[in-house]
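Examination of the molecular architecture
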Amino acid sequence: DRGAVSTAKLDTKLHRETTTFKHSYYQASLSLLFRIGLSFVKIPGLLQVQPYMQLMIAFDIRQLITAVKARLGMKSTARSKLEEHQERINSCKACVATGQAFCDRSRVAKAMF
């Protein structure tokens with residue numbers, strides 16, 4: 001038993017445990033096409049040619065959309081990661097200023113868990 005909050009389901013007949021989760025993935029890109037051409041070069045009855053040059057630029061904008069979604073999804077009362085980080089720095093500076101030792105182990109704890 002994994003507890004009340006677990007989404008794992010135990011199938012006793014087949015002796016296995018299954019868990020389902022939602023994983024979404026998307027791609028987004030922006031492509032720009034620039035074309036510049038000269039006038040037609042005609043040789044009547046033989047050929048007609050229009051020389052041109054084209055430039056295509058493609059951008060992957062998935063990271064931009066992800067960043068905007070992350071910022072729009074935040075509640076106004078929620079603190080950002082930067083604000084939490086600044087608060088930790090300020091509390092450490094206050095301890096060091098009073099002669100106490102450095103005590104912030106948040107980064108080390110996050111690396112271990």
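Residues numbered from 1 in each chain as written. Predicted model: local features only at pLDDT ≥ 70, side-chain atom pairs only at ≥ 80, totals over all residues. Heavy atoms only, no water.

Within the protein, the regular secondary structure consists of three helices and six strands. Secondary structure elements of the protein occur, N-terminal to C-terminal, as β-β-β-β-β-β-α-α-α. Expressed as a percentage of the 113 residues in the protein, the buried residues total 4%. Within the protein, contacts between residues at least 6 apart in sequence are counted, and of these 31% link residues at least 24 apart. Accessible surface, the protein: about 11,000 Å² in total, of which carbon and sulfur atoms supply 60%. (Helix = DSSP H or I, 4+ residues; strand = E, 2+ residues; numbered from the N terminus. Buried < 20%, exposed > 50% of the residue type's maximum accessible area, 1.4 Å probe, protein only. Contact = heavy atoms within 4.5 Å. Areas by Shrake-Rupley, 256 points an atom, 1.4 Å probe, with all protein chains shown as cover.)

Let's shift gears to the confidence of the model for the protein. Counting all residues, the mean pLDDT for the protein is 79, and 77% of those residues have values of 70 or more. At the low end of the mean pLDDT range in the protein sits helix H3 (residues 106-112), at 60; at the high end sits strand S6 (residues 52-60), at 92. (pLDDT = per-residue confidence, 0-100.)

Throughout the structure, instances matching the rule amount to zero aromatic pairs. Across the ring face of Tyr52, the terminal group of Arg35 is positioned such that the distance to the ring centre comes to 4.5 Å. (Phe/Tyr/Trp six-rings, centres within 6.5 Å; stacked < 30°, edge-to-face > 60°. Lys NZ or Arg CZ within 6 Å of the ring centre and 35° of its normal.)

Its location among the elements puts Phe34 in strand S3 (residues 29-37). By relative accessible area, which is 43% here, Phe34 ends up partly exposed. For the pair Phe34 and Met53, spaced 19 residues apart in sequence, the C-alpha separation works out to 8.4 Å. With residues up to four places along the chain from it excluded, the contact list for Phe34 reads Met53, Gln54, Leu55 and Ile57.

Here we come to helix H2 (residues 81-97). The end-to-end C-alpha distance of H2 is 24 Å, a good match for the 24 Å that 17 residues give at a rise of 1.5 Å each. One or two positions beyond H2, positive phi appears at Gly99, with a value near 90°. (Expected span 1.5 Å × (residues − 1).)

Along the chain, the position of Ser91 falls in helix H2. Since its relative accessible area comes to 40%, Ser91 is described here as partly exposed.

Looking now at a nonpolar patch on the surface. A surface patch of nonpolar side chains, about 440 Å² in accessible area, is lined by Leu30, Leu32, Phe34, Leu55 and Phe59. Looking at the nonpolar patch, the elements that each hand over two or more residues are S3 and S6. The element contributing the most residues to the nonpolar patch is S3, with three residues. One can find Leu32 in strand S3. (Patch = residues over 30% accessible without salt bridge, like charges linked within 9 Å, V, L, I, M, F, W, Y side chains within 5 Å. Salt bridge = Lys/Arg side-chain N within 4 Å of Asp/Glu carboxyl O.)

Of note, Leu30 is situated in strand S3. Residues Leu30 and Phe59, 29 residues apart in the sequence, show an inter-C-alpha distance of 5.1 Å. Residues in contact with Leu30, not counting those within four places in the same chain, are Ile57, Ala58, Phe59 and Ile61.

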